[in-house]
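Residue-level listing of the chains:
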Amino acid sequence: MSKRVLTTESGAPVADNQNSASAGVGGPLLLQDQHLLEKLARFNRERIPERVVHARGSGAYGHFTVTDDVSDLTSAAFLNTVGKRTELFTRFSTVADNLGGADAVRDPRGFAVKFYTEEGNYDLVGNNTPVFFIKDPLKFPDFIHSQKRDPFTGKQEPDNVWDFWAHAPEATHQVTWLMGDRGIPASYRHMNGYGSHTYQWTNAAGDAFFVKYHFKTNQGIRSLSAEQGQELAGKDANSHQTDLLQAIERGVHPSWTLYVQVMPAAEADSYRFNPFDLTKVWPHADYPLRRVGRLVLDRNPDNVFAEVEQAAFSPNNFVPGIGPSPDKMLQGRLFAYADAHRYRLGVNHTQLAVNAPRATTADNYGRDGLMAANAQPRGEKNYEPNSYGGPAETGTPLSAPLAVHGHTGTHEAPAHSKDDDFFQAGELYRLMSEEERARLVANIAGGLSQVSREDVIEKNLAHFHAADPEYGKRVEAAVRALREG
């Protein structure tokens, strides 16, 4: 077997990869040493800006198989036949920490799936919680600033974390999720995934439905206590990455069953909760789960940087039969995610192998830009419409139109009969066992007791009192005990 020849990036053979060119033995190095300059310049540029959120991530390839007929709900081709199989890539992540952070920390987890469908890539970008801290994207940069490292101290500050939550009562529901038992998953395999947002499905007849996605882990829910998480993070900062990699390598392929909650579009206006509020769930008694299919992960990436770090998910990557809802947070993410990838990876990031469509071909008039890999065929026109047979519009919308009315301006979301910031947080608390409640209270008190300002503590305690009187009393007593001790 002939040896492979080491070359420069232009393809020229490298004569010596051990010694730099110098002006005589022991002399200064030469600017003409193209191989040295190329290696150092590439090394300096080996890392791209990390994600502002969801920086620490893991991923794997797999497939989705339809198990139940949902053609009455959506015309999406990858969901139109029982038994149909679609290749996919999934990325899991923590939210607040940097790329070098530990996996076993108390934080929401990203749960993003890229379906390589025959009608283009469909990206479903969610979390392992069905709700979020805020409901308007205008507050998102401020929220993330409060949770990330403080610009002066260089570390996450309880004062910042809890001060933001003190001024965001709608966060009480998600704080209760985060500080509860599911706040630290034992692994990526042992947690659920949720689309979290409300999306729209449209069937072939044009009937519209609003849906919420639920990926239920088939491995069972497993979580870590605060003490177990701290111990594991200290022993192996890469614990969740290691678990996912090794499970797939030994043939233990994690899987999730996808269900959807389905709301006929006509019921949205009169539902007791605002169905487009990301801080709220739809109780299953109102809209039960309907099974769709099974997601399986069965292949690890060959290169984490190329395939996990450069994987780009955007919730505006829809396919026919699936579209957005009036969910304000979703509407903001439709722009923000794609724009973040254009900044991090460049305008041609969709041409990277992990992001490019596989069951179809991208064909449009986007041209040039940094790192353009797909050259325009000679003589082909770069505008539309044209008389030369270039790609043309279909005239068929991907989803049903959303009704709009009223005047432009800044508006609070419309209130529904049961809408407030605390009711569902209280419902979640009352669903917990006594042991779960005790751990929840201890986790909240551990962080809130470190806050330096009494007024910030009082504002947060008021939120827990409003959710449930017992909840508030127990958190208040635990905080006081820690501060006085």
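Refer to the preceding data block for the structure.
Now for a quick tour of the structure. Fair warning: this is a prediction, and the values are worked out from it, not measured in the lab.

## Quick word on unusual backbone geometry
And then number 1: Of note, the amide linkage connecting Glu384 to Pro385 takes the cis form, showing an omega dihedral of 5°.
And then number 2: For Ser196, which is not glycine, the phi dihedral falls at a positive 65°.
And then number 3: Structurally, the position occupied by Ser196 is in the loop between strand 5 (193-194) and strand 6 (199-202).
And then number 4: Phi is positive for Met371, close to 60°, though the residue is something other than glycine.
And then number 5: Within the secondary structure layout, Met371 lies in the loop between helix 8 (328-345) and helix 9 (423-431).

## So, the packing of aromatic side chains
Aromatic ring pairs are described here by two measures, namely the spacing of the ring centres and the angle between the planes.
And then number 1: Using the criterion set out here, one finds 29 aromatic pairs in the structure.
And then number 2: On the basis of an interplanar angle of 35° and a centroid distance of 6.0 Å, the ring pair of Phe273 and Phe423 is categorised as tilted. Placement of the pair is Phe273 in the loop between strand 8 (255-264) and strand 9 (289-299) and Phe423 in helix 9, with a sequence separation of 150 residues.
And then number 3: What makes Phe273 buried here is its relative accessible area of 1%.
And then number 4: One aromatic cluster is present, built from ring pairs that chain together Phe64, Phe78, Phe115, Tyr122, Tyr199, Trp201, Tyr213 and Phe318.
And then number 5: Note that Lys381 overlies the ring of Tyr388, its terminal NZ or CZ placed 4.6 Å from the centroid.
And then number 6: Over the aromatic face of Phe423 sits the side chain of Lys418, whose NZ or CZ is 4.9 Å from the ring centroid.

## Here we look at the environment of Asn274
And then number 1: As for its position among the elements, Asn274 is in the loop between strand 8 and strand 9.
And then number 2: With 118 residues separating them along the chain, Asn274 and Gln156 place their C-alpha atoms 33 Å apart.
And then number 3: Residues in contact with Asn274, not counting those within four places in the same chain, are Ala413, Pro414, His416 and Asp419.
And then number 4: There is a polar contact of 2.9 Å between the side chain of Asn274 and the backbone nitrogen of Phe276.

## Notes on the side chain of Lys114
And then number 1: Tracing the chain through its elements places Lys114 in strand 3 (residues 109-117).
And then number 2: Residue Lys114 is classed as buried on the basis of its relative accessible area, which comes to 1%.
And then number 3: A distance of 3.0 Å separates polar atoms of two side chains, one belonging to Lys114 and the other to Asp123.
And then number 4: Other than its neighbours up to four places away in sequence, Lys114 contacts Glu87, Leu88, Phe89, Asn121, Tyr122, Asp123, Ala312, Phe313, Val354 and Asn355.

## A look at the packing of helix 11 (residues 454-467) against helix 12 (residues 469-484)
And then number 1: Put simply, helix 11 and helix 12 touch, their axes get as near as 5 Å, and they point 150° apart. Viewed along their axes, helix 11 and helix 12 adopt a mutual orientation that is roughly antiparallel. In this structure, helix 11 crosses over helix 12, and the sense of that crossing is right-handed. Between helix 11 and helix 12, the residues in contact are Glu454, Ile457, Glu458, Leu461, Phe464, His465 and Ala467 and Pro469, Tyr471, Gly472, Lys473, Val475, Glu476, Val479, Arg480 and Arg483, respectively.

## Some thoughts on the pairing of strand 3
And then number 1: By the criterion of burial, strand 3 is predominantly enclosed, with nine of the nine residues buried.
And then number 2: In terms of strand pairing, strand 2 (residues 85-94) meets strand 3 through seven bridges, oriented antiparallel. By the bridge assignment, Leu88 is partnered in strand 3 with Phe115.
And then number 3: In this structure, strand 3 lies alongside strand 4 (residues 120-127), joined through eight bridges in antiparallel fashion. Of the residues in strand 4, the one forming a bridge with Ala112 is Val125.
And then number 4: Hairpin connection between strand 3 and strand 4: a loop of two residues separates the two successive antiparallel strands.

## What about the nonpolar core?
And then number 1: One finds Phe133, Trp162 and Trp165 to be the most contacted residues of the largest nonpolar core, which totals 41 residues.
And then number 2: Broken down by secondary-structure element, the contributors of at least two residues to this core are helix 2 (140-147), helix 3 (158-166), helix 4 (172-179), helix 9, helix 10 (434-448), helix 11 and helix 12.
And then number 3: Residues Ala76, Phe111, Trp201 and Trp256 belong to the second largest nonpolar core, which totals 37 residues.

## Topic: helix 11
And then number 1: The end-to-end C-alpha separation of helix 11 is 20 Å, in line with the 20 Å expected for 14 residues at 1.5 Å each.
And then number 2: Along helix 11, the positions that sit buried rather than exposed are Val456, Ile457, Asn460, Leu461, His463, Phe464 and Ala467. Mapping the buried residues of helix 11 onto a view down its axis gives an arc of 150°, with all of them on the same face.
And then number 3: Contact partners of the buried residues in helix 11: helix 3, helix 4, helix 9, helix 10 and helix 12.

## Here we look at the pairing of strand 6
And then number 1: Burial along strand 6 is two-sided: Tyr199 and Trp201 facing one way and Gln200 and Thr202 facing the other are all buried.
And then number 2: Hairpin connection, strand 6 to strand 7 (residues 208-217): the antiparallel pair is bridged by five residues, and Gly206 has positive phi, about 90°.
And then number 3: Bridge count for strand 6 against strand 10 (residues 322-323) is two bridges, and the pairing is antiparallel. In the strand pairing of strand 10, Trp201 is matched with Ile322.

## A word on the environment of Glu454
And then number 1: Note that Glu454 resides in helix 11.
And then number 2: Residue contacts for Glu454: discarding those within four places in its chain leaves Arg480 and Arg483.

Conventions and cut-offs
- In every chain, residue numbers begin from 1 and rise along the written sequence.
- Residues qualify for local features only when their pLDDT is at least 70, as the model is predicted, and side-chain atom pairs are given and counted only at 80 or more; totals for whole chains, interfaces and linings, by contrast, use all residues.
- The basis for every side-chain value is the complete set of heavy atoms in the structure, and neither hydrogens nor water enter the calculation.
- Secondary structure counts use DSSP, requiring at least four H or I residues in a row for a helix and at least two E residues in a row for a strand, with both numbered from the N terminus.
- Between rings of Phe, Tyr and Trp, where Trp is taken as its six-membered ring, a pair exists when centres lie within 6.5 Å; planes separated by under 30 degrees are stacked, by over 60 edge-to-face, and by other angles tilted.
- Burial classes: relative accessible area under 20% of the type maximum marks a residue as buried, over 50% as exposed, and values in between as partly exposed (1.4 Å probe, protein chains only).
- Here, a charge over a ring is recorded when the distance from Lys NZ or Arg CZ to the ring centre is within 6 Å and its angle to the ring normal is within 35 degrees.
- Throughout, a contact is declared for two residues whenever any of their heavy atoms are within 4.5 Å.
- What qualifies as a polar contact is a pair of N or O atoms within 3.5 Å, subject to a donor-acceptor requirement within protein and to the restriction that residues adjacent in sequence count only when both atoms come from side chains.
- Think of each axis as a best-fit line through the C-alpha atoms, taken over the contacting stretch in the case of a helix, with angles from 0 to 180 degrees between the N-to-C directions.
- When describing relative orientation, an angle under 35 degrees is termed roughly parallel and one over 145 degrees roughly antiparallel, while 65 to 115 degrees is termed roughly perpendicular and anything else oblique.
- For any helix crossing, the convention is left-handed if the near helix is rotated counterclockwise from the far helix by under a right angle, and right-handed if that rotation is clockwise.
- Note: two strands are recorded as paired if DSSP finds a minimum of 2 bridges between them.
- Nonpolar cores are built from buried Ala, Val, Leu, Ile, Met, Phe, Trp, Tyr and Cys residues. Side-chain atoms within 4.5 Å join them into one set.
- Take the number of residues in a helix, subtract one, and multiply by 1.5 Å to get its expected span.
- This arc is built from the directions going out from the helix axis to the C-beta atoms.

Just geometry here; none of it tells us what the structure is for.
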